[in-house]
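Coordinate analysis (summary)
Below are the chains, spelled out letter by letter.
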Amino acid sequence: MTPEWRTPRLPAPGLRPLNIPESTIVQTYNIAILPGDGTGPEVTVEALKVLDAAAAKFGFALDQTEYDFGGERYKRTGEILPDSGLEDLKKHEAILLGAIGHPDVKPGILEKGILLKLRFAFDQYINLRPVRLYPGVETPLKDKGPDDIDYVVVRENTGGIYTGTGGISMKDTPNEVAVQSMVYNRHQVERCLRWAFEYTRKHGKKARGKGDANTLGLVGKTNVLTYVFDLWERTFNEIGERDYPDVTREYYHVDATCMWMVKSPEWFDVLVTSNMFGDIITDLGAITQGGMGIAAGGNIAPEGVSMFEPIGGSAPKYTGQNIINPLAAVCAGAMMLESLGQQEAANAIENAVRHVTGTKLKSLSAGRMGYSTSEVGDMVAALVADA
């Protein structure tokens, strides 16, 4: 019997891979869809519309199953993400997430119960966040354009201060004590750094024809957090010198990084950092690339199930109005295809998004795009179909 929280989803009519000869379908991917809360389902529909177009165009299939984990289910049943649902999600090759966050649910309940639970359960130890300014998109940085704002942040995603090591004693007394510790072991640090080195080697600016060297910058705070970032820096230099001599290594304090992300973002290629620092600097990066409505990210499990999402929240005040910008969700879908090995399809989506932002949209803000949510999805899907 199919659990009530799971629903098979068919691709949009006219875009199904079955419209092309079955002999041309070389791969089928099992994808889990978590539309989530607020405007999450609306942007997810448009991302799936584009993914269906890419599948039909490039000869692969997406076997999609939708799950209703989120605020409405929690309100209705008191259930967030049951272990049985977690086991079911593990059967898929990737997860596409819409948004988590419900105005009637206390902040932290859904985020910890779904997002963090999935990250830890699936060991999604890499958070990948491109910081990329698309043509036609406004940035608050004076005199900066798409060639200047084009770098990537690799954030360690399952360790550090977010694991909750610590506690509270003597709560609600004048002597209350709260402790939350940043804890890393060598294994966690090294696997994150190795992934970042490999990514830089394959996708750095030199690999994209935009520089003389692929450069990986470690972002830390070695002058104050002398224990944790001594481990990070020593490991960074040891494995870099021994195993990745072709990748240029640099080190930046996190506070200086924030300043240079505003003043000279063109300096950066790939940045790698801890969980908390990565959380902070990627939101700064997102606003420089035009805001949360265009920022996408991936929670990567190199040996397991990865999850891809638009970075903006659920924006509940716009729910059902068909005015929210869906492009971050569309870009998250492109990242998912890249992780599955469908690079050509991912590139087609990226190129389509660039065309739409550069020639069609008046703004990325809800209600100001000049088009509805569904019309933006239609435009991107049509361009992918014609790629």
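Residues numbered from 1 in each chain as written. Predicted model: local features only at pLDDT ≥ 70, side-chain atom pairs only at ≥ 80, totals over all residues. Heavy atoms only, no water.

1. Re the overall build of the protein
How we decide: Helix numbers and strand numbers start at the N terminus; a helix is a DSSP run of H or I with at least 4 residues, a strand a run of E with at least 2. Only C-alpha atoms enter the radius of gyration, while the globule expectation follows 2.2 Å times N to the 0.38, with N the number of residues. Any residue under 20% of the maximum accessible area for its type is buried, any over 50% is exposed, and the rest in between are partly exposed; the area is computed with a 1.4 Å probe on protein chains only. Contact criterion: two residues are considered in contact whenever any of their non-hydrogen atoms come within 4.5 Å of each other. With residues, only the protein chains shown are counted as cover, and all accessible areas are computed by Shrake-Rupley using a 1.4 Å probe. His is not counted, nor are the chain ends; Lys and Arg add positive charge and Asp and Glu add negative charge. Here the site of a charge means NZ on Lys, CZ on Arg, CG on Asp, or CD on Glu.
Assigned secondary structure in the protein consists of eleven helices and 13 strands. For 387 residues, the compact-globule estimate of 2.2 N^0.38 gives 21 Å, and the protein sits close to it at 21 Å. Dimensions of the protein, computed from C-alpha atoms along their principal axes, come out at roughly 60 × 55 × 40 Å. Burial status across the protein gives 52% buried among its 387 residues. Within the protein, residue pairs in contact and separated by at least 24 positions form 76% of the contacts whose partners lie at least 6 positions apart. Accessible area of the protein: about 17000 Å², with a carbon and sulfur share of 52%. Within the protein, the 49 negative side-chain charges are centred at a point lying 2 Å from the centre of the 39 positive side-chain charges.

2. A word on the packing of aromatic side chains
Inclusion rule: Note on ring pairs: Phe, Tyr and Trp rings are taken, using the six-membered ring of Trp, and paired if centres are within 6.5 Å. Classes follow the plane angle, with under 30 degrees stacked, over 60 edge-to-face and the rest tilted. In this analysis the charged atom, NZ for Lys or CZ for Arg, is taken to sit over a ring once it is within 6 Å of the ring centre and within 35 degrees of the ring normal.
In total, this model carries eleven aromatic pairs according to the counting rule given. Measuring from centroid to centroid gives 5.9 Å for Y29 and F60, while their planes differ by 75°, and the two rings are edge-to-face. Placement of the pair is Y29 in strand β2 (residues 28–36) and F60 in the loop between α1 (40–58) and β3 (61–67), with a sequence separation of 31 residues. Comparing Y29 with F60, the two get one shared label, buried. Cluster of aromatic residues (ring-pair linked, three or more members): Y184, F229, W232 and F277. The lysine or arginine in question, R191, covers the ring of Y125, its NZ or CZ lying 3.9 Å from the ring centre.

3. Quick look at a nonpolar patch on the surface
Basically, it comes down to this: Within the patch definition used here, like charges are joined within 9 Å and nonpolar side chains (Val, Leu, Ile, Met, Phe, Trp, Tyr) within 5 Å, considering only residues with over 30% relative accessible area and no salt bridge. Salt bridge, as applied in this entry: a Lys or Arg side-chain nitrogen positioned within 4 Å of an Asp or Glu carboxyl oxygen.
A contiguous nonpolar patch, built from M170, V177 and V179 and spanning about 240 Å² of accessible area, is present on the exposed surface. Given the relative accessible area of 46%, M170 is considered partly exposed.

4. Regarding the pairing of strand β13 (residues 306–310)
Note the threshold: Pairs of strands are assigned from DSSP output, requiring at least two bridges between the strands.
With five of its five residues buried, β13 lies for the most part within the structure. What you see with β13 is no split at all: S306, F308 and P310 on one side and M307 and E309 on the other are buried throughout. In this structure, strand β4 (residues 94–99) lies alongside β13, joined through three bridges in parallel fashion. If you follow I95 over to β13, its bridge partner there is M307. Between the end of strand β12 (residues 296–300) and the start of β13, which pair antiparallel, lie five residues.

5. Thoughts on the packing of α1 against helix α9 (residues 327–339)
Which entries qualify depends on this criterion: An axis is simply a line fitted to the C-alpha atoms; with a helix, the fit covers only the stretch in contact. Between two such axes, the angle follows the N-to-C directions and lies from 0 to 180 degrees. With respect to orientation, any angle under 35 degrees is reported as roughly parallel, any angle over 145 as roughly antiparallel, any angle of 65 to 115 as roughly perpendicular, and every other angle as oblique. In this scheme, a crossing is called left-handed if the near helix is turned counterclockwise away from the far one by less than a right angle; it is called right-handed if the turn is clockwise. The nonpolar class holds Ala, Val, Leu, Ile, Met, Phe, Trp, Tyr, Cys and Pro. Asp, Glu, Lys and Arg form the charged class, and all remaining residues, Gly among them, are polar.
Closest axis-to-axis distance for the α1/α9 pair is 8 Å, and the angle between their directions is 45°. The orientation of α1 with respect to α9, classified from their angle, is oblique. Judged by the sense of rotation from one axis to the other, the crossing of α1 with α9 is right-handed. The residues of α9 that touch α1, namely those facing V43, E46, A47, V50, L51 and A54, are A329, V330, G333, M336 and L337. Here the contact of α1 with α9 is composed, by residue class, of nine nonpolar, one polar and one charged.

6. Things to note about the environment of V356
Relative to the assigned elements, V356 resides in helix α10 (residues 343–359). Placed 21 residues apart in sequence, V356 and G377 show a C-alpha to C-alpha distance of 9.9 Å. If we ignore the near neighbours within four places in the chain, the residues touching V356 are L361, M379, V380 and L383.

7. A word on the pattern of salt bridges
Taken as a whole and judged by the stated rule, the model has 25 salt bridges. Where R76 meets D68, a salt bridge forms, and the shortest distance between an N and an O atom there is 3.1 Å. Residue classification places D68 among the partly exposed residues on the basis of a relative accessible area of 29%. For E350, the salt bridge goes to R132, with nearest N and O atoms at 3.5 Å. Here E350 is found in helix α10, whereas its partner R132 is found in strand β5 (residues 126–132), with 218 residues between them in sequence.

8. Side note on the environment of V153
Following the sequence through the fold, V153 ends up in strand β6 (residues 150–156). Residue classification places V153 among the buried residues on the basis of a relative accessible area of 0%. Taking C-alpha positions, V153 is 24 Å from H355, a pair spaced 202 residues apart along the chain.

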